[in-house]
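Residues per chain, in single letters:
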Amino acid sequence: MAERFPYEDILYVARHVSQKHPEPTMTDRAARFHPFAAITGYEEMVLEEARSTEARAELDEEALTALNEKLNLLRECIDEAPAVTVTYFEPDKRKSGGTYVRVTGTVLRLDEYEQTVSLSGDKRISIASIYSIEGDIFSELG
């Protein structure tokens with residue numbers, strides 16, 4: 001006699017098709033098996049931790065003097081709306097450090113009270129965060 005195993009009687013029975021409920025699409029079926037995120041926010045936390053930031057470089061006395069001369073020259077030539085490229089340090093809002101950003105535009109205003117430089121495109125940069133200023137206007141400084 002042939003050996004029987006459990007559930008042999010239902011092994012080749014046709015699958016039931018409901019007359020009451022429509023068959024789900026493949027997307028709906030796949031959604032049922034989507035992995036469960038037990039720790040919400042974990043992936044974002046790992047990505048944030050992996051994101052790199054730079055430490056702010058301190059300018060030496062010579063670089064600060066050169067930067068001050070450039071700002072004074074900009075103040076004198078502000079009516080000409082000189083085009084410059086400003087590199088400044090922008091601190092990171094979530095972790096220590098930050099990034100250096102380069103912005104090119106025309107200088108519209110130097111605000112001595114707020115200690116900011118206003119460039120075209122509504123960009124205001126704190127003078128304390130400026131790392132360097134470049135432009136054709138500084139060719140006479142060397």
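**What to know about the pattern of salt bridges**
Summed over all chains, the structure comprises seven salt bridges. Notably, a salt bridge pairs Glu48 with Arg94, separated by 3.1 Å at the nearest N-O pair. Residue Glu48 is located in helix α2 (residues 42–50), and its partner Arg94 is located in the loop between β1 (83–91) and β2 (98–111); the two are separated by 46 residues in the primary sequence. Across the pair Arg109 and Asp111 runs a salt bridge, and its minimum N-O distance is 3.6 Å. Under the relative-accessibility criterion, Arg109 is labelled partly exposed at 48%. Assessed through its relative accessible area of 11%, Asp111 is described here as buried. One network of salt bridges, in which partners are shared, links Glu48, Arg51, Asp92 and Arg94.

**Brief notes about the packing of aromatic side chains**
By the definition in use, this model includes two aromatic pairs. Ring centres 5.1 Å apart and planes at 65 degrees place the aromatic pair Phe89 and Tyr100 in the edge-to-face group. Taken together, the residues span a long stretch of sequence, with Phe89 in strand β1 and Tyr100 in strand β2 at a distance of 11 residues. Judged by relative accessible area, which is 25%, Tyr100 ranks as partly exposed. Ring centres of Tyr100 and Tyr131 lie 5.3 Å apart, and the angle between their planes is 65 degrees; this geometry places the pair in the edge-to-face category. In this pair, Tyr100 sits in strand β2 while Tyr131 sits in strand β5 (residues 130–134), placing the two residues 31 residues apart along the sequence. Connected via pairs of aromatic rings, a cluster forms that spans Phe89, Tyr100 and Tyr131. Above the ring of Phe138, the side-chain terminus of Lys70 is found at 5.3 Å from the ring centroid.

Conventions adopted
Residues numbered from 1 in each chain as written. Predicted model: local features only at pLDDT ≥ 70, side-chain atom pairs only at ≥ 80, totals over all residues. Heavy atoms only, no water. Salt bridge = Lys/Arg side-chain N within 4 Å of Asp/Glu carboxyl O. Helix = DSSP H or I, 4+ residues; strand = E, 2+ residues; numbered from the N terminus. Buried < 20%, exposed > 50% of the residue type's maximum accessible area, 1.4 Å probe, protein only. Phe/Tyr/Trp six-rings, centres within 6.5 Å; stacked < 30°, edge-to-face > 60°. Lys NZ or Arg CZ within 6 Å of the ring centre and 35° of its normal.

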